[in-house]
Amino acid sequence: SMSDHKIAFVLYLACPEEVLVGRLLERGQTSNRQDDEIDIIRKRFKTFQEQSKPIIEWFEQKEQNTKVHRIASDQPIEVV
């Protein structure tokens, strides 16, 4: 069970939606990945907002023993 495990920290790579959209659309120009289309990207971001982000917020608010490490991943690779 989860109660038997201790989570040391949560790593959250925070990035504004528009930055992510731009990066994924740019990648899509060379990757030929079907999931790098704007409609699918927006759906993936919506899914994150609805399903994953509440878990991060729960750890930030309720689980005081677990540190959330928030990294601004809209910075250059060398900084992140």
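Whatever comes next refers back to the structure up there.
Each value, and the rule that gives it
Residues numbered from 1 in each chain as written. Predicted model: local features only at pLDDT ≥ 70, side-chain atom pairs only at ≥ 80, totals over all residues. Heavy atoms only, no water. Helix = DSSP H or I, 4+ residues; strand = E, 2+ residues; numbered from the N terminus. Rg over C-alpha atoms; globule rule 2.2 N^0.38 Å. Buried < 20%, exposed > 50% of the residue type's maximum accessible area, 1.4 Å probe, protein only. Contact = heavy atoms within 4.5 Å. Areas by Shrake-Rupley, 256 points an atom, 1.4 Å probe, with all protein chains shown as cover. Lys, Arg positive; Asp, Glu negative; His and termini not counted. Charge placed at Lys NZ, Arg CZ, Asp CG, Glu CD. Phe/Tyr/Trp six-rings, centres within 6.5 Å; stacked < 30°, edge-to-face > 60°. Core = buried A, V, L, I, M, F, W, Y, C linked by side-chain atoms within 4.5 Å. Expected span 1.5 Å × (residues − 1). Bend = angle between axes of the 7 residues up to and from the residue.

A. Region of the structure containing the overall build of the protein. When you go through the protein residue by residue, the secondary structure sums to two helices and two strands. Secondary structure elements of the protein occur, N-terminal to C-terminal, as β-α-α-β. Relative to its length of 80 residues, the protein is extended, with a C-alpha radius of gyration of 16 Å against a globular reference of 12 Å. In the protein, which comprises 80 residues, the share counted as buried stands at 18%. Residue pairs in contact within the protein that sit at least 24 positions apart in sequence constitute 59% of those at least 6 positions apart. With an accessible surface of roughly 6400 Å², the protein has 53% of that area assigned to carbon and sulfur atoms. Positive and negative side-chain charges of the protein, numbering 12 and 14 respectively, have mean locations separated by a distance of 3 Å.

B. Highlighting the packing of aromatic side chains. All told, the structure shown has three aromatic pairs when counted by the stated rule. With a centroid separation of 6.2 Å and an interplanar angle of 25°, the aromatic rings of Tyr 12 and Phe 48 are classed as stacked. With a gap of 36 residues between them, Tyr 12 in strand β1 (residues 9-14) and Phe 48 in helix α2 (residues 38-61) connect regions that are remote in the sequence. Looking at Phe 48, the relative accessible area reads 23%, which means it is partly exposed. A centroid spacing of 6.2 Å and a plane angle of 40° characterise the contact between Phe 45 and Phe 48, whose relative ring orientation is tilted. Here Phe 45 pairs with Phe 48, and both are found in helix α2, just three residues apart, close to one helical turn. Phe 45 sits in the buried class, given a relative accessible area of 16%.

C. Here's a closer look at the nonpolar core. The biggest cluster of nonpolar side chains holds six residues, and these are Val 10, Tyr 12, Ala 14, Ile 56, Phe 59 and Val 68. Mapped onto this core, the elements with two or more residues apiece are β1 and α2. Apart from the residues within four sequence positions on either side, Val 10 is in contact with Phe 59, Thr 66, Lys 67, Val 68 and His 69.

D. Up close: α2. The terminal C-alpha atoms of α2, which comprises 24 residues, lie 33 Å apart, in line with the 34 Å expected from a rise of 1.5 Å per residue. At Ser 52, α2 is bent by approximately 40°, the largest bend along its length, and proline Pro 54 sits one to four residues beyond. By the burial criterion, the buried members of α2 are Ile 41, Phe 45, Ile 56 and Phe 59. Turning to α2, the residues buried within the fold contact β1, α1 (17-31) and β2 (67-72).

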